[in-house]
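So you can see what is in the structure, the chains are spelled out below.
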Amino acid sequence: MIRFTSRFRFGARANPYIKAQKTLKVDGKEYKFFSLPALGDSKLNHLPYSIRVLLESAVRNCDEFAVTQKDVQNILNWETNAPKQIEIPFKPARVILQDFTGVPAVVDLAAMRDAMKRLGGDPQKINPLCPVDLVIDHSVQADVSRVPRAYEENEKIEFTRNYERFEFLKWGSTAFKNFLIVPPGSGIVHQVNLEYLARVVMEEQGYLFPDSVVGTDSHTTMINGLGVTGWGVGGIEAEAVMLGQTISMVLPEVVGFRLHGKLPSNVTATDLVLTCTQMLRKRGVVGKFVEFFGPGVETLSLADRATIANMAPEYGATMGYFPIDHKTIDYLNLTGRPETKVRQIEAYLREQGLFRDYKSGNDPHFSGDVLDLDLASVQPSLSGPKRPHDRVPLAEMKKDWTTCLNNKVGFKGFGIPQEKQADVAEFTYQGQKYSLQHGSVVIAAITSCTNTSNPESMIGAGLLAKNAVEKGLKVKPYIKTTLSPGSNVVTKYFEESGVSKYLDQLGFTTAGYGCMTCIGNTGELDNEVAEAIKNKDLVAAAVLSGNRNFEARIHQQVRANYLASPPLVVAYALAGTVNIDFDTTPVGTDKNGKPVFLKDIWPSREQCSKAVEQALKPQMFRDIYSKIAQGTERWNQLKVNKTDLYQWKPESTYIHNPPFFQTTELNPKPVQPIKNAYCLLNLGDFITTDHISPAGSIAENSPAGRYLKSKGVTKKDFNTYGARRGNDEIMARGTFANTRIINKLVSKVGPQTVYVPTGDVMDVFDAADRHMKEGNQTIVLAGQEYGSGSSRDWAAKGPYLQGVKCVIAQSFERIHRSNLVGMGILPLEFLKGENADTLGLTGKEQFTINVNESNLTLGQTYTVETSTGKKFQAKSRLDTEVEIEYYKHGGILQYVLRKLVKA
């Protein structure tokens with residue numbers, strides 16, 4: 001159950017571990033803390049460091065109510081308990097948001113305040129009880145590129161487009177306590193978290209305790225590289241944490257990943273993380289922690305570790321954790337953290353047994369077999385063309401590309417007939433004639449927190465650009481080249497190292513500071529390029545230094561998307577095609593007509609490290625981040641009314657009062673069976689949250705586009721689905737609107753389905769809307785890893801608003817399953833070895849599931865009856881007792897709201 005009080009319960013209920021409370025003196029100041037060594041339990045010495053953080057939280061928050069002594073003992077006995085799926089509570093120290101997910105979170109809080117008042121409670125109870133940091137980083141798009149100071153024009157467009165959203169967020173910063181907003185133009189949330197926001201050790205009410213964070217973006221895990229425990233959750237769950245809820249989680253297994261040796265001089269951190277991602281996907285680490293150890297860890301910079309930690313969602317783990325060691329302390333000093341704070345951090349962590357010494361040889365115990373990687377074996381690599389874990393060694397790229405053209409349509413295939421593979425589309429651009437073929441690069445983007453937080457990788461791109469320009473190489477002007485750094489610090493060290501002008505000359509001008517191409521904020525291709533692709537139905541390519549490359553995410557006209565290091569992004573921009581073997585084919589010709597190979601311009605890892613050492617200074621971080629609180633001129637010009645309750649604007653197409661709480665009653669109604677439900681979609685494997693709730697552009701004739709036009713919004717002002725997440729009317733219409741979604745109920749790829757009662761084919765939203773008007777319940781059938789990808793709460797909110805009552809899948813991605821529960825949608829799994837196809841289900845049946853108050857228990861298996869007489873078993877994925885309570889209340893926020901009213 002939940003206890004809503006102040007953050008610390010000292011004095012409210014006695015902590016049974018009060019004897020473990022100790023004092024620590026640093027620089028003459030005395031602090032209290034709950035000492036893990038004072039527990040006197042030898043098992044502590046063998047616990048993975050990530051589990052020790054969970055243990056400290058349980059000890060500190062133990063009140064025999066929300067957290068019990070049994071919970072503490074369960075964590076201490078991790079080695080025997082981890083395989084048993086035992087539930088534990090965890091209370092994160094803080095919450096971090098980005099604006100795409102932060103806006104709907106603040107919308108929900110504002111709507112909850114309205115509901116609190118309607119139900120007779122105090123609206124001020126709806127206030128964050130822990131620090132909440134929101135970084136506005138997802139709104140900027142690369143509308144303008146390849147010109148000097150493009151970022152200024154894009155920021156201007158960003159403010160014009162998103163004025164209502166920014167105004168709303170600024171209201172939130174005045175209405176809610178413990179709420180910090182980092183304004184637009186500051187950088188990417190995870191890089192800002194790494195360089196500035198992360199506390200590493202929290203200090204509150206005279207107590208010290210480890211920093212920990214949950215975020216509404218799956219790549220929150222990047223902070224694991226700094227030794228801070230953190231992972232992505234749905235916006236729904238994050239809101240509950242803000243309001244005092246502990247996270248109910250299964251005590252995770254921890255997979256040990258041993259690193260040894262040293263990376264070759266031609267290899268980047270990107271190559272390393274793509275290798276790790278492939279290995280961990282093969283191992284299977286969904287729902288598990290991964291903890292890195294071994295002598296190889298010491299050879300990696302903090303930025304390299306952060307790159308690996310960042311892609312935990314891609315390798316499927318909850319976290320990819322690097323314990324704190326001397327490299328962490330060095331990084332805190334490098335990024336300009338106050339010296340007294342750094343001393344406090346190190347002293348506390350050493351006292352707690354949370355400081356890692358890799359030379360000691362005292363490695364913790366892990367779950368099962370340890371993975372092992374010799375860093376010397378890592379090769380230059382890319383991943384693609386459609387999934388981040390499909391790694392391709394650079395040396396095999398040309399061969400793999402040909403194979404993908406020939407393979408039938410799938411994750412590694414485009415199904416291009418042999419007679420079409422040599423097709424050429426000729427076009428004129430800026431007065432010159434050019435041609436495109438399958439594999440032609442039309443987007444090359446140095447983007448994403450994964451890599452822009454890594455100075456060596458970024459400087460590597462700059463040095464390669466310098467070498468290329470000096471040899472007279474150029475990038476074709478029709479290629480959309482962009483640079484979107486994760487913080488303004490990148491620009492500082494680019495200027496200091498002298499590489500900015502070379503990147504500019506190749507078209508990699510700074511388009512903005514934020515999450516751009518990787519999230520789909522690519523901007524439009526030039527018309528000439530778009531028409532050439534369309535006329536010959538070409539498989540054009542994008543190469544980006546991102547972490548996600550799902551189909552239609554980067555750009556709807558670009559089918560092949562490859563993840564690569566920043567230097568490789570520049571290399572492929574120069575080559576103009578992914579259909580190239582860099583060992584045998586030159587990347588271009590120099591001023592004298594001589595061939596230039598990639599090896600001729602590639603900077604070594606040692607050269608990059610030396611350049612970083614000379615260019616990167618702590619004062620850069622201090623100068624940049626000291627201005628965060630001041631805000632930008634445009635941000636400061638936003639004027640808002642300081643009111644406790646938000647004044648909703650009915651005409652707004654950005655911010656809308658959602659229906660989630662408008663009819664919430666003080667007590668929930670009993671759970672009812674799902675009866676004669678129709679199938680809204682019958683989906684296959686690896687349906688991502690991008691398929692369910694796109695973040696990119698809004699098609700003019702889509703349900704959302706038609707709705708916007710009905711409100712007087714012109715096509716040029718549609719903006720993106722991501723930017724309009726504060727409006728439920730648009731997001732409900734945008735659910736299952738991805739142009740590349742494959743629904744077995746219809747013959748064509750795209751966002752349509754069959755309205756089963758009549759057999760009519762229509763847009764998914766229109767079918768859902770018709771079902772709801774006719775009083776029909778609906779379900780979704782799906783395959784493996786349903787809901788993988790970004791931690792997008794609208795991928796659960798949208799189906800809820802479309803009337804979906806249950807999703808039956810072969811397996812679920814961790815965060816998405818939690819989000820479905822959070823919205824009161826029942827997640828069920830087919831039994832092992834079964835799916836819709838093996839059971840002979842077409843999706844044309846009606847489905848009855850006799851779920852009710854009396855049979856809502858953990859591990860429950862339900863009989864699903866169909867209108868054709870077929871029956872099958874499906875297992876409930878309500879994984880904890882608390883989740884069952886959430887489901888009974890119709891969702892987590894309804895549960896929290898009712899508890900707060902009665903508190």
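Residues numbered from 1 in each chain as written. Predicted model: local features only at pLDDT ≥ 70, side-chain atom pairs only at ≥ 80, totals over all residues. Heavy atoms only, no water.

- In the annotation of an unreviewed UniProt entry, the entry for the protein reads Aconitate hydratase, and the organism field reads Paramecium pentaurelia.
- UniProt annotates the protein under Function (unreviewed entry) with the comment "Catalyzes the isomerization of citrate to isocitrate via cis-aconitate."
- Check the Cofactor (unreviewed entry) section of the UniProt entry for the protein; it says "[4Fe-4S] cluster". (UniProt positions renumbered as here; feature names shortened; annotations may be inferred.)

### Considerations on the overall build of the protein
Item 1. What the protein contains, in helices and strands, is 32 helices and 34 strands.
Item 2. For 903 residues, the compact-globule formula gives about 29 Å, and the C-alpha radius of gyration of the protein, at 27 Å, lands near that figure.
Item 3. Judged by the C-alpha coordinates and their principal axes, the protein covers about 80 × 75 × 55 Å.
Item 4. For the protein, with 903 residues in total, the buried portion stands at 64%.
Item 5. Long-range pairs, those at least 24 residues apart, make up 76% of the contacts in the protein with a sequence separation of at least 6.
Item 6. Here the protein displays about 31800 Å² of accessible surface, and carbon together with sulfur accounts for 46% of that area.
Item 7. Charge centroids of the protein, computed over 105 positive and 97 negative side chains, lie 1 Å from each other. (Helix = DSSP H or I, 4+ residues; strand = E, 2+ residues; numbered from the N terminus. Rg over C-alpha atoms; globule rule 2.2 N^0.38 Å. Buried < 20%, exposed > 50% of the residue type's maximum accessible area, 1.4 Å probe, protein only. Contact = heavy atoms within 4.5 Å. Areas by Shrake-Rupley, 256 points an atom, 1.4 Å probe, with all protein chains shown as cover. Lys, Arg positive; Asp, Glu negative; His and termini not counted. Charge placed at Lys NZ, Arg CZ, Asp CG, Glu CD.)

### Things to note about the sheet that holds strand β29 (residues 778-781)
Item 1. The strand order around the closed barrel built from 7 strands is β26-β29-β30-β31-β34-β33-β32, with neighbouring strands paired in mixed fashion. The mean angle between the axes of side-by-side strands here comes to 40°, regardless of whether they run parallel or antiparallel.
Item 2. Alignment of strand β33 (residues 861-866) against strand β34 (residues 871-876), held across 5 bridges, turns out to be antiparallel. The partner of Thr-863 across the bridge, within β34, is Gln-873. (Pairing = 2+ DSSP bridges. Axes fitted to C-alpha atoms, helices over the stretch in contact; angles between N-to-C directions.)

### Some words on the pairing of β29
Item 1. Side chains Thr-778 and Val-780 of β29 all project onto a buried face; the interleaved residues Ile-779 and Leu-781 project onto the opposite face, where all are buried too.
Item 2. Pairing of strand β26 (residues 674-682) with β29, which is carried by 4 bridges, proceeds in the parallel orientation. Looking across to β29, one finds that Cys-679 is bridged to Ile-779.
Item 3. Where β29 meets strand β30 (residues 804-809), 4 bridges bridge the pair, whose relative direction is parallel.

### Topic: helix α16 (residues 455-470)
Item 1. Its 16 residues place the ends of α16 22 Å apart at the C-alpha level, agreeing with the 22 Å of an ideal helix rising 1.5 Å per residue.
Item 2. Among the 16 residues that make up α16, 13 are buried, leaving the element largely enclosed by the rest of the structure. (Expected span 1.5 Å × (residues − 1).)

### Some thoughts on the pattern of salt bridges
It is possible for side chains of opposite charge to pair when their charged atoms get near one another.
Item 1. Scanning the entire structure with this criterion turns up 43 salt bridges.
Item 2. Note that Glu-298 and Lys-359 form a salt bridge whose closest N and O atoms lie 3.5 Å from each other. Within this pair, whereas Glu-298 is found in the loop between β13 (289-293) and α10 (302-310), its partner Lys-359 is found in the loop between α13 (339-352) and β15 (371-374), the two being separated by 61 residues in sequence.
Item 3. The exposure class assigned to Lys-359 is exposed, which follows from its relative accessible area of 66%.
Item 4. Among the salt bridges present, the one from Asp-690 reaches Arg-792, with a minimum N-O distance of 3.1 Å. A residue pair is termed long-range when its members are at least 10 positions apart, and Asp-690 in helix α25 (residues 689-692) and Arg-792 in the loop between β29 and α29 (794-801) qualify at 102 residues.
Item 5. Residue classification places Asp-690 among the buried residues on the basis of a relative accessible area of 4%.
Item 6. Among the ionic contacts, a cluster of salt bridges with common partners joins Arg-817, Glu-829, Arg-877, Asp-879 and Glu-883. (Salt bridge = Lys/Arg side-chain N within 4 Å of Asp/Glu carboxyl O.)

### Comments concerning the sheet that holds strand β10 (residues 229-232)
Item 1. Pairing in this open sheet of 5 strands is parallel, and the strands run β6-β5-β4-β9-β10 from one edge to the other. Each edge of the sheet is formed by a strand with only one pairing partner; in this case those strands are β6 (179-182) and β10. Neighbour-to-neighbour, the strand axes of this sheet turn through a mean angle of 20°, independent of strand direction.
Item 2. In the packing of helix α7 (residues 189-197) onto the sheet, contacts are made with β4 (94-98), β5 (132-135) and β6, and the angle to β4 comes to roughly 140°.
Item 3. Of the strands in this sheet, β4, β5 and β9 (212-215) touch helix α8 (residues 235-242), which is tilted by about 140° from β4.

### Here's the deal with the confidence of the model for the protein
Item 1. When pLDDT is averaged along the protein, the result is 94; 98% of the residues meet or exceed 70.
Item 2. Within the model, pLDDT remains below 50 along residues 1-12, and this stretch shows 40 contacts once partners closer than five positions in the same chain are excluded. (pLDDT = per-residue confidence, 0-100.)

### Considerations on the environment of Asp-690
Item 1. A C-alpha to C-alpha distance of 8.5 Å links Asp-690 and Arg-792, two positions 102 residues apart in sequence.
Item 2. For Asp-690, the residues in contact, after removing those within four places along its chain, are Phe-550, Arg-553, Asn-738 and Arg-792.

### Here we look at the nonpolar core
Item 1. Core analysis: the biggest nonpolar cluster contains 294 residues, and Leu-226, Tyr-493, Phe-508, Tyr-572, Leu-574, Tyr-786 and Ile-808 have the highest contact counts within it.
Item 2. Top contributing element to this core by residue count: helix α4 (residues 99-118), with 11 residues.
Item 3. Setting aside residues no more than four positions away along its own chain, Tyr-786 makes contact with Leu-683, Ile-687, Ile-692, Phe-736, Val-780, Val-807, Ala-809, Ser-811, Phe-812, Glu-813 and His-816.
Item 4. Formed by 9 residues, the second largest nonpolar core is a distinct cluster that contains Ile-698, Ala-704, Tyr-707 and Ile-730. (Core = buried A, V, L, I, M, F, W, Y, C linked by side-chain atoms within 4.5 Å.)

### Quick notes on the packing of aromatic side chains
Item 1. Evaluated as defined, the whole model comprises 31 aromatic pairs.
Item 2. Judged by centre distance (5.4 Å) and plane angle (75°), the rings of Phe-411 and Phe-686 are edge-to-face. Of this pair, Phe-411 sits in the loop between α14 (397-406) and β18 (425-429) while Phe-686 sits in the loop between β26 and α25, and the two are 275 residues apart along the sequence.
Item 3. Ring geometry for Phe-427 against Tyr-478: centres 5.3 Å apart, planes inclined by 80°, an arrangement best described as edge-to-face. Here the residue Phe-427 occupies a position in strand β18, and Tyr-478 occupies one in the loop between α16 and β21 (480-483), the gap between them amounting to 51 residues. Pair check on accessibility: Phe-427 and Tyr-478 agree, each one buried.
Item 4. Among the aromatic residues, ring-to-ring pairing joins Phe-168, Trp-171, Phe-176, Tyr-646 and Trp-648 into one connected group.
Item 5. Between the NZ or CZ atom of Arg-350 and the centre of the ring of Phe-355, over which it lies, the distance is 3.9 Å.
Item 6. Above the plane of the ring of Phe-686 lies Arg-387, whose end atom (NZ or CZ) is 5.3 Å from the centre. (Phe/Tyr/Trp six-rings, centres within 6.5 Å; stacked < 30°, edge-to-face > 60°. Lys NZ or Arg CZ within 6 Å of the ring centre and 35° of its normal.)

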